[in-house]
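Chain by chain, the residues:
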Amino acid sequence: TVDAERISFYIQFFSADGCDLSLFYHFLHLIHSQADLISIYYKFYHYLTSNANYLFYKNVFFYLTSAYEVTKIDSIKKCQLWQLILILEEKLMAKDIDWSNLGFGYIQTEKRYVSNFKDGAWDDGVLTEDATVTISECAGVLQYAQTIFEGMKAYTTEDGKIVVFRPDLNAARMADSARRLEMPPFPEDRFVDAIVKTVEANIDYVPPYGSGATLYIRPYMFGSNPVIGVKPASEYQFRVFCTPVGPYFKGGAKPIVIKVSDFDRAAPHGTGHIKAGLNYAMSLHAIVTAHEEGFAENMYLDAATRTKVEETGGANFIFITKDGKLVTPKSNSILPSITRRSIEYVAKEYLGLEVEEREVFFDEVKDFAECGLCGTAAVISPVGKINDHGKEICFPAGMEEMGPVTKKIYDTLTGIQMGRIEAPEGWLKVIK
Ligand code: PLP
Ligand code: COI
């Protein structure tokens, strides 16, 4: 999978001379495993091809060669550097995953976490290789959709650590979802522990830094015993699996076009504020319809008055006013997005922006300068146009790239997630 152009680039690169090995020792301590080596290599390959700061990266490749020897990862000692690169390239693809070209899909990984609730208590939980679930034909989840889930991501940071972004908030939200659906909350500390165990057990599936991919983590829980009268189950299963993913919307950071939906996502006093499978089941017809019409997502309005902006099927909205303020819709029937709450903090504390969380009337949407969707899967996806029954709202930021303020927020948020920018206390759970 190594193309000729890349090889000739390496040969050219390494045939230049005049290197300073001062960075070698600095990086050496970061190497603990083959996965680290690969991830660090990937990072520098990324910079190498984008920055062309040759001397610096030359040092790094010297470091890689030496690290190869020091860690005795392979028996190869003094191979030419470009040969080493080929070997590393091969290892990069060791999982047969082309990290840079992943979409948002399911790839089965090695282990997942399972814990069962029975007789009023959760058992100790285990990691298992069994990716299937066997339950009664009459299980509560199958009959009355008693199921909830969460979503978060693990990242390889710039200095080679593996971190998960704010899993404590997912733990708390999942407990809220559980209570709303009359399920026993999985203890929040055990939730975080289950995330750590699952990522640790699938560490080779955490995409390398700079690859554009991340490890998506999906905790979920469902009623597992037979239920035929409408009532909560008495037995539940909690599971966590993970899968490497790329961008949620095709095209990555390119602006998308969405439509105002004629369907409602959530009722006032309903379940819009929790992460229940039922909210997504009832959005399927709307999303299929939107896709058929050529739109990437739906903008849902409030069900009671259809005058206020709620959210999309899988992300909250952010808007930027013409004078650079961040505005986000406030509603009791949208999911309290962890990404959105983090963006509000980042906008205020890191970028000095004014932040308003308030009701947003659909009528005022045309006056915003920038619009975006935010969520774990969506990260921040810019919206270029909103189609309201044939009438287009085109944001001044356009269809070519993210608007400037959205971009600043995006760079800061992802900078924090990937360890390029110092994170607020407690935001990154370090796995390794
Ligand atoms: N809104 C909905 C309906 C979602 O499904 C998600 C995804 O989790 C979000 C918003 C974004 O939430 P978060 O940022 O916590 O992932
Ligand atoms: C997430 O962002 O984690 C979600 O659950 C959204 C879903 C539509 C993939």
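Residues numbered from 1 in each chain as written. Chains lettered and ligands numbered in written order. Predicted model: local features only at pLDDT ≥ 70, side-chain atom pairs only at ≥ 80, totals over all residues. Heavy atoms only, no water.

A. Structural context of the site of ligand 1. Taken together, the neighbourhood of ligand 1 is formed by 17 residues, with Tyr280, Glu311, Ser337, Thr339 and Thr376 sitting nearest. One of the side-chain N or O atoms of Thr339 is found 2.5 Å from an oxygen atom in ligand 1. Taking 380 Å² as the accessible area of ligand 1 by itself, protein coverage stands at 97%. Among the secondary structure elements, those contributing two or more residues to the shell around ligand 1 are helix 11 (338-349) and strand 14 (370-375). Taken together, the residues of the shell around ligand 1 sort by class into 5 nonpolar, 8 polar and 4 charged. (Near = heavy atom within 4 Å. Polar contact = N/O pair within 3.5 Å; in protein donor to acceptor, adjacent residues only side chain to side chain. Areas by Shrake-Rupley, 256 points an atom, 1.4 Å probe, with all protein chains shown as cover. Helix = DSSP H or I, 4+ residues; strand = E, 2+ residues; numbered from the N terminus. Nonpolar A, V, L, I, M, F, W, Y, C, P; charged D, E, K, R; others polar.)

B. Geometry of the site of ligand 2. Taken together, Phe104, Phe149, Gly151, Tyr216, Arg218, Tyr248, Lys275, Gly314, Thr376 and Ala377 form the complete shell of residues around ligand 2. Lys275 places a polar side-chain atom, nitrogen or oxygen, 2.7 Å from an oxygen atom of ligand 2. The residue makeup of the shell around ligand 2, split by class, is 5 nonpolar, 3 polar and 2 charged.

C. Representation of the pairing of strand 11 (residues 316-320). Of all 5 residues in strand 11, 5 are buried, a share of seventy percent or more. Here 5 bridges tie strand 11 to strand 14, and the two strands are oriented antiparallel to one another. Bridge pairing in strand 14 places Phe319 opposite Cys371. Summarising the sheet, strand 11 and strand 12 (residues 326-329) pair through 2 bridges and their orientation is antiparallel. In the strand pairing of strand 12, Phe319 is matched with Val327. A loop of 5 residues connects strand 11 with strand 12, the two strands running antiparallel in sequence, and Gly324 in this loop sits at a positive phi of about 80°. (Buried < 20%, exposed > 50% of the residue type's maximum accessible area, 1.4 Å probe, protein only. Pairing = 2+ DSSP bridges.)

D. View of the pairing of strand 5 (residues 152-156). Taken across its 5 residues, strand 5 has 5 buried, putting it largely inside the fold. Because side chains alternate across strand 5, one face comprises the buried residues Met152, Ala154 and Thr156, and the other comprises Lys153 and Tyr155, equally buried. Both strand 5 and strand 7 (residues 214-223) contribute to a ladder of 3 bridges, which runs antiparallel. Its bridge partner lying in strand 7, Met152 is registered against Ile217. Examined bridge by bridge, strand 5 and strand 6 (residues 162-165) share 3 bridges and lie antiparallel to one another. When the sheet's bridge partners are listed, Tyr155 is paired in strand 6 with Val163. Taking the residues that link successive antiparallel strands as the turn, the strand 5-strand 6 hairpin has 5 residues, and the phi of Gly160 there is positive, at about 85°.

E. Spatial organisation of the pattern of salt bridges. Applying the stated criterion to the full structure yields 18 salt bridges. Between Glu293 and Lys259 there is a salt bridge, and its shortest N-O distance comes to 2.8 Å. With Glu293 in the loop between helix 10 (284-292) and strand 10 (297-299) and Lys259 in strand 9 (residues 256-260), this pair connects stretches of sequence that are 34 residues apart. For Glu293, a relative accessible area of 44% puts it in the partly exposed group. Here Lys259 falls in the buried class, since its relative accessible area comes to 12%. The network of salt bridges with common partners includes Lys325, Glu354, Glu356, Arg358 and Glu364. (Salt bridge = Lys/Arg side-chain N within 4 Å of Asp/Glu carboxyl O.)

F. Molecular detail of the packing of aromatic side chains. Under the counting rule described, the total for this entry stands at 19 aromatic pairs. Both rings, one in Tyr106 and one in Phe241, keep their centres 5.5 Å apart while their planes meet at 85°; by these two values the pair is edge-to-face. Here Tyr106, found in the loop between helix 5 (81-92) and strand 1 (112-118), pairs with Phe241, found in strand 8 (residues 236-245); they are 135 residues apart in sequence, far enough to count as distant. Overall, Tyr106 belongs to the partly exposed group, its relative accessible area being 49%. The exposure class assigned to Phe241 is partly exposed, which follows from its relative accessible area of 21%. With 5.8 Å between their ring centres and 75° between their planes, Tyr220 and Phe241 make a pair best called edge-to-face. Placement of Tyr220 in strand 7 and of Phe241 in strand 8 is noted, with a sequence separation of 21 residues between them. Joined through ring pairs, the aromatic side chains of Tyr113, Phe117, Trp122, Phe186, Phe191, Tyr236 and Phe238 make up one cluster. (Phe/Tyr/Trp six-rings, centres within 6.5 Å; stacked < 30°, edge-to-face > 60°.)

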